[in-house]
Amino acid sequence: MFTSFLLAGAMSLGTPAAAAAADPVREATARAMPQLMALYRDLHANPELSLHEVKTAAKMAAAAREAGYEVTEKVGGTGVVAVLHNGPGPVLLIRADMDGLPVVENTGLPFASKVRATTDEGIESGVMHACGHDTHMASWVGTLRNLAAMRDRWQGTLVMIAQPAEERGRGAKDMLDDGLFTRFPKPAYALAFHDSAGLPAGQIGITPGYALANVDSVDLVVKGVGGHGAYPHTTKDPIVLAARIVTTLQTLVSREMDPQQPAVVTVGAIHGGSKHNIIGNDVTMLLTVRSFTPESRQQLLDGIARIARGEAIAAGVPEDRMPVMKVKDEFTPATFNTQPLAGRLQGLFATRFGKDRVVEQKAVMGGEDFSRYWLADQSIQSTIFWVGGVPKAKWDAAQAGKATLPSLHSAEWAPDAEAVVSTATEAMTAAALDILKR
């Protein structure tokens, strides 16, 4: 069962099964799949929230030590750095993220998570690998094992990192702040992958240039003057003011941003009021703001502040009750796939897997803090690619209009983990061997 997907992928290139069996990367990955799938199921059943990946990190560290890497734990919190020196040559960083999400799982998998935990905000919830980080970690282990066993085929230094708190947009920053590029070999190349809920299982997607967006979380406190619901003329109603702000924010993207510069401003939550007949003093609005370039990001944030203040002035709110805007420090900068590496990998994967399994993906408005490794030193060649996870039957049904597909972060996201792990492990191993080839 575990080798069937790999061999099917080889056959799509038009090569005989004998040739597929002779491929050392594919062979090694196929042999590893039973162990990697057991690891995947264990990780899936036992997720940990951002900044609390203690047991998960211990599993990653143990796997790297067993493969012969020099392992350092607790980098930037729970981060793991595993280094393998193999003579002179480039330094390649390969990252996997470890954290789960506060989501109650509804996949029906026999190894579904039953874990419950309390978030740092004090909310008790189920915990789930609803973004596929379990597939990332299983592939990371498969890749580091493959490369340790293939030292005769490459030279240079591998820096394998298991990163915490990607979902909080801070794990990469925490590791960098803790000396990732000074305490350990600084990479010339950086690679990662992410499972995709928008591609069929086993397909690879690469986006040259901007691939994922800047993501800001904004808290906006709209202040008013409270009072009795029967006497609204004696108040400044913050709920009405918040409604005006929501409406006007829609023009920020549609009328102020360059139509060729993607941007999103979403009001995800509004909290205010306590009783039917009371006009409260304030309302809290929670926004997500997404863009690609630094200039677009600043234009959006400045526009939100201006619109909020302008609507408050129009509503007659006194100066000492103007809205208060806070841009949270969990900012995730846009991810940029550099050339020539992105194009090099696209060609490499097309040759290995067949052109039908490698597509050029459009940029998406999701965020990924993998971006920070390149931003910390833009001489680094950096690429994150997608590996499709949608099971074939579900993909075919969706294409026929007979089903809808769950997204990443959905309680129902259950990727074809065998396809993701096998494809990603083979792809990452092949990429590393190409970058570090003798």
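Above this note sits the structure.
Residues numbered from 1 in each chain as written. Predicted model: local features only at pLDDT ≥ 70, side-chain atom pairs only at ≥ 80, totals over all residues. Heavy atoms only, no water.

Colleague: Before we move on, could you go through the overall build of the protein and cite the residues and values that matter?
Modeller: Per the secondary structure count, the protein includes 13 helices and 18 strands. Against the globule reference of 22 Å for 438 residues, the protein gives a C-alpha radius of gyration of 24 Å, in line with a compact fold. If you line up the protein on its principal axes, its C-alpha atoms span 85 × 50 × 40 Å. Summed over all atoms, the accessible surface of the protein reaches about 18400 Å², with 55% contributed by carbon and sulfur. Of the side chains in the protein, 41 bear a positive and 46 a negative charge, and the two mean positions are spaced by 1 Å. (Helix = DSSP H or I, 4+ residues; strand = E, 2+ residues; numbered from the N terminus. Rg over C-alpha atoms; globule rule 2.2 N^0.38 Å. Areas by Shrake-Rupley, 256 points an atom, 1.4 Å probe, with all protein chains shown as cover. Lys, Arg positive; Asp, Glu negative; His and termini not counted. Charge placed at Lys NZ, Arg CZ, Asp CG, Glu CD.)

Colleague: An account of the pattern of salt bridges is needed here, citing residue identities and associated values.
Modeller: Throughout the structure, instances matching the rule amount to 22 salt bridges. Note that Arg 352 is salt-bridged to Asp 23, the shortest N-O span being 3.1 Å. In this pair, Arg 352 sits in helix 10 (residues 341-353) while Asp 23 sits in the loop between helix 2 (17-21) and helix 3 (24-45), placing the two residues 329 residues apart along the sequence. Like Asp 23, Arg 352 is buried. The closest approach of N and O atoms between Arg 168 and Glu 121, which form a salt bridge, is 3.9 Å. (Salt bridge = Lys/Arg side-chain N within 4 Å of Asp/Glu carboxyl O. Buried < 20%, exposed > 50% of the residue type's maximum accessible area, 1.4 Å probe, protein only.)

Colleague: Quick rundown of the packing of aromatic side chains? Include the residues and the values.
Modeller: Two aromatic rings, taken as a pair, are described by how far apart their centres are and by the angle between their planes. This structure, assessed with the given rule, holds eight aromatic pairs. The interplanar angle of 80 degrees and the centroid separation of 5.7 Å between the aromatic rings of Tyr 40 and Phe 111 together place this pair among those described as edge-to-face. One end of the pair, Tyr 40, is in helix 3; the other, Phe 111, is in the loop between strand 3 (91-97) and strand 4 (116-118), and 71 residues separate them in sequence. Where Tyr 210 meets Phe 336, the ring centres are 5.1 Å apart and the plane angle is 80 degrees; that geometry is what we call edge-to-face. Pair noted here: Tyr 210 is in strand 9 (residues 209-212) and Phe 336 is in strand 16 (residues 335-337), with a separation of 126 residues, a long-range link. Using a relative accessible area of 26% as the deciding quantity, one classes Phe 336 as partly exposed. Aromatic rings pair up to connect Phe 193, Phe 349, Phe 353 and Phe 385 into one cluster. Above the face of the Phe 331 ring, Arg 297 is positioned so that its terminal group lies 3.7 Å from the ring centre. (Phe/Tyr/Trp six-rings, centres within 6.5 Å; stacked < 30°, edge-to-face > 60°. Lys NZ or Arg CZ within 6 Å of the ring centre and 35° of its normal.)

Colleague: Would you mind going over the sheet that holds strand 8 (residues 204-206) in detail, with residue names and values included?
Modeller: Judged by pairing direction, the sheet is mixed, and its eight strands sit side by side in the order 1-2-6-3-7-18-8-17 without closing on themselves. Two strands bound the open sheet, and with one partner strand each, they are strand 1 (70-75) and strand 17 (358-360). The average angle at which neighbouring strand axes cross in this sheet is 25 degrees, direction not considered. By the bridge criterion, three bridges tie strand 3 to strand 7 (residues 189-200) in an arrangement that is parallel. Bridging from a neighbouring strand, Leu 93 pairs with Ala 190 of strand 7. Of the strands in this sheet, strand 3, strand 7, strand 8 and strand 18 (381-390) are in contact with helix 13 (residues 417-435), which crosses strand 7 at around 150 degrees. (Pairing = 2+ DSSP bridges. Axes fitted to C-alpha atoms, helices over the stretch in contact; angles between N-to-C directions. Contact = heavy atoms within 4.5 Å.)

Colleague: Describe the sheet that holds strand 15 (residues 324-327), naming the residues involved and giving the relevant values.
Modeller: In spatial order, the strands read 12-14-10-15; together these four strands make up an open sheet with antiparallel pairing. The open sheet terminates on both sides in strands that have one partner only, identified here as strand 12 (264-272) and strand 15. Recorded for the sheet is a direction-independent mean angle of 20 degrees between the axes of neighbouring strands. By the bridge criterion, four bridges tie strand 10 (residues 214-223) to strand 15 in an arrangement that is antiparallel. Looking at the pairing, Leu 220 lines up with Met 325 of strand 15. Across the sheet, helix 9 (residues 294-314) touches strand 10, strand 12, strand 14 (282-291) and strand 15, and the angle it forms with strand 14 is around 160 degrees.

Colleague: Would you mind going over the nonpolar core in detail, with residue names and values included?
Modeller: By size, the foremost hydrophobic cluster in this structure holds 61 residues, and its most contacted members are Tyr 69, Ile 94, Leu 158 and Phe 349. The greatest single-element share of this core, amounting to ten residues, is contributed by helix 13. Look past the residues within four positions of Leu 158 in its chain and what remains in contact with it is Tyr 69, Ala 82, Val 83, Leu 84, Leu 92, Ile 94, Leu 147 and Leu 436. Of all hydrophobic cores here, the second largest spans 24 residues; its members include Ala 211, Phe 370, Trp 374 and Ile 380. (Core = buried A, V, L, I, M, F, W, Y, C linked by side-chain atoms within 4.5 Å.)

Colleague: Outline helix 3, listing residues and values.
Modeller: Look at helix 3: 31 Å from first C-alpha to last across 22 residues, which is about the 32 Å you get at 1.5 Å a residue. In helix 3, a bend of some 50 degrees at Met 33 exceeds every other bend along the element, and Pro 34, a proline, comes one to four places later. At the N-terminal end of helix 3, a side-chain oxygen is found 2.9 Å from the backbone nitrogen of Val 25, two or three residues along, and the residue is Asp 23. (Expected span 1.5 Å × (residues − 1). Bend = angle between axes of the 7 residues up to and from the residue. Polar contact = N/O pair within 3.5 Å; in protein donor to acceptor, adjacent residues only side chain to side chain.)

Colleague: Just give me the short version of the environment of Ala 427, but keep the residues and values in it.
Modeller: Considering the arrangement of structural elements, one finds Ala 427 in helix 13. Residue Ala 427 is classed as buried on the basis of its relative accessible area of 0%. Residues Ala 427 and Val 387, spaced 40 residues apart in sequence, show a C-alpha to C-alpha distance of 9.5 Å. Aside from chain neighbours lying at most four places away, what touches Ala 427 is Ile 204, Phe 349, Phe 353 and Phe 385.

Colleague: Just give me the short version of the environment of Ile 278, but keep the residues and values in it.
Modeller: Positionally, Ile 278 belongs in strand 13 (residues 278-279). Its relative accessible area of 41% is what places Ile 278 among the partly exposed residues. Expressed as a C-alpha distance, the spacing of Ile 278 and Ala 230, which sit 48 residues apart in the sequence, is 8.3 Å. Among all residues touching Ile 278, those that are not within four sequence positions of it are Gly 227 and Gly 229.

Any functional reading would require information that these geometric values do not contain.
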